[in-house]
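Listed here are the chains, written in short residue letters.
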Amino acid sequence: MAKPGAGEQAASLVVEHTVPTGEGLAFRWWHAKLVRKAKRFKGHIRTDLCAPVKGLQPGQPMKWYSIVHFESPQLLNQRMKSRDREALIKAGSKTFASY
């Protein structure tokens, strides 16, 4: 796992994903694909997926939180603007909402 050196500052991004009831498995499959692609990107340190937060009412969508860590803000921004990430987000947006 790469770590920033002296004087460098790592960067992290928290992404909220709204997942409809019954779509948790599909979301986890899609997220795993997103992570596999991110691991190939320069500067990727790790991606954490937090356990889902359930809505208060039955049938409400679940909220999942993903935290992406990169060696620098510049490398994180490059990943966020990459074409392959945009394509994966677009494919997932048919089922999930990400913020």
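Keep in mind the model is a prediction, meaning the values are calculated, not measured.

Draft legend 1. Expanded view of helix α2 (residues 73-80). L75, L76, R79 and M80 are the residues of α2 that are buried. For α2, the arc enclosing every buried residue in end-on projection is 140°, short of the 170-degree limit, so these residues lie on one face. Here the buried face of α2 lies against β1 (11-19), α1 (24-39), β3 (62-70) and α3 (83-92).

Draft legend 2. Highlighting the pattern of salt bridges. One pass over the full model with this rule turns up three salt bridges. For D48, the salt bridge identified is with R46, shortest N-O distance 3.1 Å. Judged by relative accessible area, R46 falls into the partly exposed class, the value being 36%. Here R79 ties to D84 by a salt bridge, and the two come within 3.0 Å at their closest N and O atoms.

Draft legend 3. Local environment of the nonpolar core. One finds V19, F27, W30, L34, M62, W64, L88 and F96 forming the largest nonpolar core, which totals eight residues. Residue assignment for this core shows that the elements contributing at least two residues are α1 and β3. Considering every element that reaches this core, the biggest residue donor is α1, with three residues. Setting aside its immediate chain neighbours within four residues, L34 contacts R79, R85, L88 and I89.

Draft legend 4. Region of interest: the side chain of R79. By the secondary structure assignment, R79 is in helix α2. Overall, the relative accessible area of 2% leaves R79 in the buried class. The contacts of R79, once residues within four sequence positions are left out, are L34, K37, A38, F41, F70, D84 and R85.

Draft legend 5. A look at the pairing of β3. Relative to β3, β1 runs antiparallel, the two sharing nine bridges. Within the sheet, the bridge partner assigned to S12 lies in β3 and is H69. Direction of pairing for strand β2 (residues 44-53) relative to β3: antiparallel, over a ladder of seven bridges. Across the sheet, R46 pairs through a bridge with H69, a residue of β3.

About the thresholds
- Residues numbered from 1 in each chain as written.
- Predicted model: local features only at pLDDT ≥ 70, side-chain atom pairs only at ≥ 80, totals over all residues.
- Heavy atoms only, no water.
- Buried < 20%, exposed > 50% of the residue type's maximum accessible area, 1.4 Å probe, protein only.
- Helix = DSSP H or I, 4+ residues; strand = E, 2+ residues; numbered from the N terminus.
- Arc of directions from axis to C-beta.
- Contact = heavy atoms within 4.5 Å.
- Salt bridge = Lys/Arg side-chain N within 4 Å of Asp/Glu carboxyl O.
- Core = buried A, V, L, I, M, F, W, Y, C linked by side-chain atoms within 4.5 Å.
- Pairing = 2+ DSSP bridges.

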